[in-house]
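Each chain, letter by letter, is given below.
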Amino acid sequence: MKTGCAILVACALVMGTSLGSHGNVQTIAPCRPGFSQSFYTVLVPRGVLQGLNIHKDTLLSSGHVKFETCQQIEEVSFESSDPKFSVRPDGSLYAEQDVTNLTEPIQFMLTARDSADRYIWETTVKLALAGHLLSPPINQFAGDGVYGGSSHNHYQNPRLITFPRQHQRGSSNGLRRQKRDWVIPPINVPENSRGPFPQVLVRIRSDQDKEIEIRYSITGAGADQPPSDVYIIDPVTGKMSVTKPLDREERASYHLRAHAVDINGNQMEPPIDLYIYVIDMNDNRPEFKNQVYNGSVAEGSKPGTSVMQVTAFDADDSTTANGLVHYRILSQTPHIPIPNMFTINGATGEISTIATGIDREKVSQYTIIVQATDMEGSLNFGLSNTATALISIADINDNPPELDSKTFLGEVPENAVGVVVANLTVRDKDQPHTPNWNAVYRITGGDSMGHFAIRTDEITNDGKVIVVKPVDYERNDAFTLMVVVSNQAHLASGIPSSPSSSAAVSIKVLDVNEAPVFPSNPKIIRFEEGVPADTTLATFAALDPDRFIQQTIRYSKLSDPANWLKINRTNGRITTTAVLDRESPYMKKNVYEATFLAVDNGSPPATGTGTLQIYLIDVNDNVPVLVPQEALVCERSRHGYPVNITASDLDSEPNAGPYVFELPSYPSSARRNWTISRLNGNYAQLKLRIPYLEAGMYRVPILVSDSGNPPLSNTSVLKVKVCPCDENGDCTVIGAVTVAELGTGAIITILICIIILLSMVLFFVVWVKRREKERQTKPLLIDPEDDVRDNILKYDEEGGGEEDQDYDLSQLQQPESLDHIMSKPAGVRRVDERPVILESQYPVRPTVPHPGDIGEFIIDGLRAADNDPTAPPYDSLLVFDYEGSGSTAGSVSSLDSSSSGEQDYDYLNDWGPRFKKLADLYGGGGED
């Protein structure tokens, strides 16, 4: 059996890698040998043609086909699937034979091989006449050349592909290798074919079919892999067909493998690779990325200024005219100042200006309709689409602000602050609310003291002249301001106008009645304390700022916390009404403060306020007081500690300390029992002079003198408690009680507590006795309060019948006393009361009952209760209120008691004395 050798093809278009002669994938290096493109389009210039023909050895393209060796391939040879054309090592394309009628594009496969025949590379070359915009027909390879035709020709004469033969070539070492004879060119199939389907593409044949019955099959994507059944093959004849129209935009190529086996499934030929390329048709319109594009250009831009770029994409093959998009402008709105203010780059879609005169104040936005056409812009054969470009004109400051008038008028009352004096109106043609439009106002003259300022209204752009510092009519009754207005942004270059505008603002000051003013406020005066009443301290007069009007000022007092002062109503003279005391609580840091009012007689009257501060100088008018006033001392001088004493003085230095502490000569016991030693200017120590002093409370007089001039003295009594002390000098508890002295309040409190305690004890004893007595008077087994036997239980009353809406509930309630019942008016009433008779005698329980007597005791008590007519319920006639007539419930009188004559009521006699009345009525009533 003869064995064929499969052809190994490395397709850069499909695989993007190179394969070795043994099918191994080579490692991808940073530089990969191979063609620069998987598809070349070569446009043949008309200058090389003789009419529409190409002669032999004509150079069609110089260096158009590029092959990268990456310094790894020493020598590369090129082989064309179309013998009419060839490619030289430098990439130049030549015509090897005469070619007639180049009106239709020609396409062929180009294969590259290295010198050792280890690698092969493939690409596709398409020839077309330059400037020829006709949609190219679809050409397919037939044999070694190019052929075209209808689908009918495919069925009649399909292209024949034979499994290649294998050649054995030896070497010096005896090894054998395989070498391919030729390369199978790709199969080109046009997209969107109309059929009929299936449409035969090629015929696969093995030269062993004459000897053995061969079965053919194909595998790969499009055959037995998704998308499946696009291609089929007749297993007997080897005719491979396409079953439906192809779409290059969905899949541009297919890689199938053809197999030849015998009827037993044994491989008869090595598989061959079939590359099927889908030829592009112009079936897709260019699509803009956006339907609306937004751009902007500054007004006054020069011609050639770039504005924006629009982009359209065509899904067709971009290497052919089908996918080459050309742009043009269809319309411009508005046509101001000319209809063609913009141009567009046909290849890139960049829009730029072409004329001058762009002015935002005239046209703020242009609307451009842009058309994108494929087939390099051919309107006859290309497909088109449109988009809208909105070009906004960006504002520049080419219009300075202009004030509406050269003179503005205003007026302002004196002493007013924050009021608007005048409104400056301005015009600006630039875009509102931008730095090119926003106005900036400046005062250049007429306001040396800074009384006025101009603020810009953010909405209207007008200038508001505002008073920031009060003006005085008596000093200046009018102002003339020089005002300049400009924009925030600088005026654009090349504008002949002035960048600013100026005007004059005349302001009249209005006179108003001003309040009187105290020249010195607050006014400070100094006096020694102790100033007597009716002493004149000062004259606190105010001045009237209205110099051109004669007005009278009257004074009054606003604040005088201690009520020490009064003011003369006409001249403002201040006199005292009481002695000024520095030690008063109304003084703050030796200063007394009072406020006064000055009111003129203007229309309306104006009032001014003045503050008077009186600084009082201290004099020695307060005696020192001993501190503390009580002390504790041990009865023996060797125990305990001396008492530290000092003094307090309301006066300040130098009328306070240092102090002098002395024991007076009277009584004599003071100096006999005690002694004082000086510690410093403010402190001294008091201690026992004698070794022992009996425990008790002692009053020790001490004379204290301050340092005033003259000094003041005061005799203070120090209460000293003398008590026994322990070794540590602390007073013992017994000693403290001994020397303690209780006041009248403490004694009264103690007595009240004792009385309350005795009353509580007495109340508790009485309560216990009463409780015990109640228990002894009731010999029942249980507490009477817990005994519910034979008691009347009173529940809520439900009222009368349906028609008895006016009734007295008191008639149905248990009476509390007979007096209450008897006091009621005559009429029907309820009488449910205890009979007034002697109570029955109940058996008395023994003090120490025997357990066997308990049952007998209970029976005796029950018998006594049954025979006791005073025990509830009482056998008395009860009369209830009438419930009315016409009740829906009917009347109980309708019941005929005599109808049940056979019933025996004698058993009521056995129920005891309580049912005696009922037994007499029903049991023996018949006999009566």
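Note that this is a predicted model, so its numbers are computed, not measured.

### Some details on the overall build of the protein chain
Along its length, the protein chain carries seven helices and 54 strands. The burial tally for the protein chain puts 38% of its 928 residues in the buried class. Excluding contacts between residues fewer than 6 apart, the proportion of contacts in the protein chain whose partners are at least 24 apart in sequence is 66%. When the accessible surface of the protein chain is totalled, it reaches about 53,800 Å², and 52% of it is carbon and sulfur.

### Regarding the nonpolar core
Core analysis: the largest hydrophobic core is formed by 27 residues, its most contacted members being Ile204, Tyr231 and Met240. Listing elements by their share of this core, those giving two or more residues are β15 (187–190), β16 (199–205), β17 (214–219), β18 (231–233), β19 (239–242), β20 (253–262) and β21 (267–279). The element best represented in this core is β21, accounting for five residues.

### Observations concerning the packing of aromatic side chains
Applying the stated criterion across every chain yields a total of 15 aromatic pairs. Considering the side-chain rings of tryptophan 911 and phenylalanine 915, the 4.9 Å spacing of their centres and the 80° angle between planes classify their relative orientation as edge-to-face. Each residue in the set Phe518, Phe540, Tyr555 and Phe596 is aromatic and connected to the rest through ring pairs, giving one cluster.

### A closer look at a nonpolar patch on the surface
A surface patch of nonpolar side chains, amounting to about 740 Å² of accessible area, comprises Leu757, Val761, Phe763, Phe764, Val765, Trp767 and Val768. Residue position: tryptophan 767 is located in helix α4 (residues 744–777).

### Structural notes on helix α6 (residues 854–866)
In this model α6 runs 19 Å from its N-terminal to its C-terminal C-alpha over 13 residues, within 8% of the 18 Å that 1.5 Å per residue would give. All buried positions along α6 are accounted for by Phe857, Ala864 and Ala865. Mapping the buried residues of α6 onto a view down its axis gives an arc of 100°, with all of them on the same face. Exposed and oriented more than 90 degrees from the buried face of α6 are Glu856 and Leu862.

### As for the pattern of salt bridges
Once the charged atoms of two side chains with opposite charge are near each other, the side chains can pair. If you walk through the whole model with that rule in mind, you get 16 salt bridges. Between glutamate 402 and arginine 427 there is a salt bridge, with the nearest N and O atoms lying 3.3 Å from each other. One end of the pair, glutamate 402, is in strand β31 (residues 402–403); the other, arginine 427, is in strand β34 (residues 426–427), with 25 residues separating them in the sequence. Among the ionic pairs, aspartate 560 bridges to lysine 557, the shortest N-O distance being 3.2 Å. When its relative accessible area of 13% is taken as the criterion, aspartate 560 is described as buried. Connected through shared salt-bridge partners, Arg248, Glu249 and Asp280 make up one network.

### Concerning the UniProt feature "transmembrane region" (unreviewed entry) in the protein chain
UniProt feature "transmembrane region" (unreviewed entry): in the numbering of this structure it lies at residues 746–768. The straight-line gap between the two end C-alpha atoms of residues 746–768 is 34 Å; of that span, 100% is helix and 0% is strand.

### A few points about the pairing of β19
Across four bridges, β16 lies against β19 in antiparallel orientation. Bridging across to β19, valine 202 finds its partner in methionine 240. Judged from the three bridges that link them, β18 and β19 form a sheet pairing that is antiparallel. When the bridges of β19 are listed, isoleucine 233 appears paired with methionine 240.

### Overview of the sheet that holds strand β27 (residues 342–344)
The strand order across the open sheet built from three strands is β24-β28-β27, with neighbouring strands paired in antiparallel fashion. What marks the edges here is a single partner per strand, and that holds for β24 (306–309) and β27. Shown here is a sheet whose adjacent strand axes are inclined to one another by a mean of 25°, direction ignored. Where β27 meets strand β28 (residues 350–353), three bridges bridge the pair, whose relative direction is antiparallel. Opposite isoleucine 344, over in β28, you have isoleucine 351 as the bridge partner.

### Brief notes about the sheet that holds strand β52 (residues 684–688)
In a beta sheet, neighbouring strands pair by backbone hydrogen bonds and run either parallel or antiparallel. Strand order across the open sheet formed by four strands is β47-β49-β52-β51, with antiparallel pairing between neighbours. Each end of this open sheet is capped by a strand with a single partner; those strands are β47 (625–627) and β51 (674–678). The mean angle between the axes of side-by-side strands here comes to 35°, regardless of whether they run parallel or antiparallel. As paired strands, β51 and β52 are joined by five bridges and run antiparallel to one another. Looking across to β52, one finds that threonine 675 is bridged to lysine 687.

### Looking at unusual backbone geometry
Residue glycine 195 is joined to proline 196 through a cis peptide bond whose omega torsion reads 5°. Looking at where proline 196 falls in the secondary structure, it is placed in the loop between β15 and β16. Here the residue pair asparagine 521 and proline 522 is connected by a cis peptide bond, since its omega of 5° sits within 30 degrees of zero. Phi is positive for glutamate 376, close to 55°, though the residue is something other than glycine. Topologically, glutamate 376 is positioned in the loop between β29 (365–373) and β30 (384–394). What makes glutamate 376 partly exposed here is its relative accessible area of 39%. Positive phi, close to 70°, is recorded for asparagine 590, a residue that is not glycine.

### As for the side chain of threonine 595
In this fold, threonine 595 is placed in strand β45 (residues 591–600). For threonine 595, a relative accessible area of 15% gives the class buried. Apart from the residues lying within four places of it in its own chain, the contact partners of threonine 595 are Lys557, Leu558, Ser559, Gly610 and Thr611.

### A few points about the pairing of strand β39 (residues 500–510)
In regular strands, side chains alternate between the two faces of the sheet. In this sheet, β39 lies alongside strand β32 (residues 407–413) in parallel orientation, the contact comprising seven bridges. Its bridge partner lying in β39, valine 412 is registered against valine 509. Direction of pairing for strand β38 (residues 478–487) relative to β39: antiparallel, over a ladder of nine bridges. Residue pairing in the sheet places serine 486 in a bridge with serine 500 of β39.

### Side note on the environment of aspartate 316
Here aspartate 316 is to be found in the loop between β25 (312–313) and β26 (326–333). Spatially, the C-alpha atoms of aspartate 316 and aspartate 280 are 6.6 Å apart, while their sequence positions differ by 36 residues. Among all residues touching aspartate 316, those that are not within four sequence positions of it are Glu191, Arg248, Glu249, Asp280, Met281, Asn282, Asp283, Asn284, Asn322, Gly323 and Asp374. Within the structure, aspartate 316 has its side chain in polar contact with the side chain of asparagine 284 (distance 2.8 Å).

### Some points on the side chain of serine 501
With respect to the secondary-structure elements, serine 501 resides in strand β39. Ignoring anything within four residues of it in the chain, the contact list for serine 501 reads Pro401, Glu402, Leu403, Lys406, Val483, Val484 and Val485.

### What about the state of the cysteines?
All chains considered together, the criterion is met by two disulfides. Shown here is the disulfide that connects cysteine 634 with cysteine 725, its sulfur atoms set 1.9 Å apart. Here the S-S torsion is close to -100°, and the disulfide linking cysteine 634 with cysteine 725 is therefore left-handed. On the criterion of sequence distance, the pair formed by cysteine 634 in strand β48 (residues 630–634) and cysteine 725 in the loop between β54 (713–723) and α3 (733–739) is long-range, its members being 91 residues apart. One disulfide bridge connects cysteine 723 with cysteine 731, the sulfur atoms lying 2.1 Å from each other. With relative accessibility at 0%, the residue cysteine 723 sits in the buried group.

Definitions and limits used
- Position numbers for residues start from 1 in each chain and track the written sequence from start to end.
- Only residues with pLDDT of at least 70 get local features here, since the model is predicted, and only at 80 or more are side-chain atom pairs given and counted; chain-wide, interface and lining totals rely on the full set of residues.
- Only heavy atoms go into the side-chain values, all of them from the structure, while hydrogens and water stay out.
- Strands here mean DSSP runs of E at least two residues long; helices mean DSSP runs of H or I at least four residues long; both are numbered from the N terminus.
- Note on classification: 1.4 Å probe, protein chains only; a residue is buried when its accessible area is under 20% of the maximum for its type, exposed when over 50%, partly exposed between these limits.
- Contacts: residue pairs with any heavy atoms within 4.5 Å of one another.
- Methods summary: accessible areas were calculated by the Shrake-Rupley approach with a probe of 1.4 Å, and residue burial reflects only the protein chains presented.
- For this analysis, a nonpolar core means a set of buried residues of the types Ala, Val, Leu, Ile, Met, Phe, Trp, Tyr and Cys, connected via side-chain atoms within 4.5 Å.
- When two rings of Phe, Tyr or Trp (its six-membered ring) have centres within 6.5 Å they constitute a pair, described as stacked for plane angles under 30 degrees, edge-to-face for angles over 60, and tilted for the intermediate range.
- Within this analysis, patches are made of residues with over 30% relative accessible area and no salt bridge. Like charges are joined at 9 Å or less; nonpolar side chains (Val, Leu, Ile, Met, Phe, Trp, Tyr) at 5 Å or less.
- A side-chain nitrogen of Lys or Arg and a carboxyl oxygen of Asp or Glu constitute a salt bridge if their distance falls within 4 Å.
- Take the number of residues in a helix, subtract one, and multiply by 1.5 Å to get its expected span.
- Each direction from the helix axis to a C-beta atom contributes to the arc, which is the arc of those directions.
- UniProt positions are given in the numbering used here, feature names are shortened, and annotations may be inferred rather than shown by experiment.
- When DSSP locates at least two bridges between a pair of strands, those strands are taken to pair.
- Lines fitted to C-alpha atoms define the axes, with helix axes restricted to the stretch in contact, and inter-axis angles between N-to-C directions lie between 0 and 180 degrees.
- Side-chain atoms alone can form a polar contact between residues adjacent in sequence; in general such a contact is a pair of N or O atoms within 3.5 Å, and within protein one must be able to donate a hydrogen while the other accepts it.
- Two cysteine sulfurs form a disulfide in these notes if their separation is within 2.5 Å.

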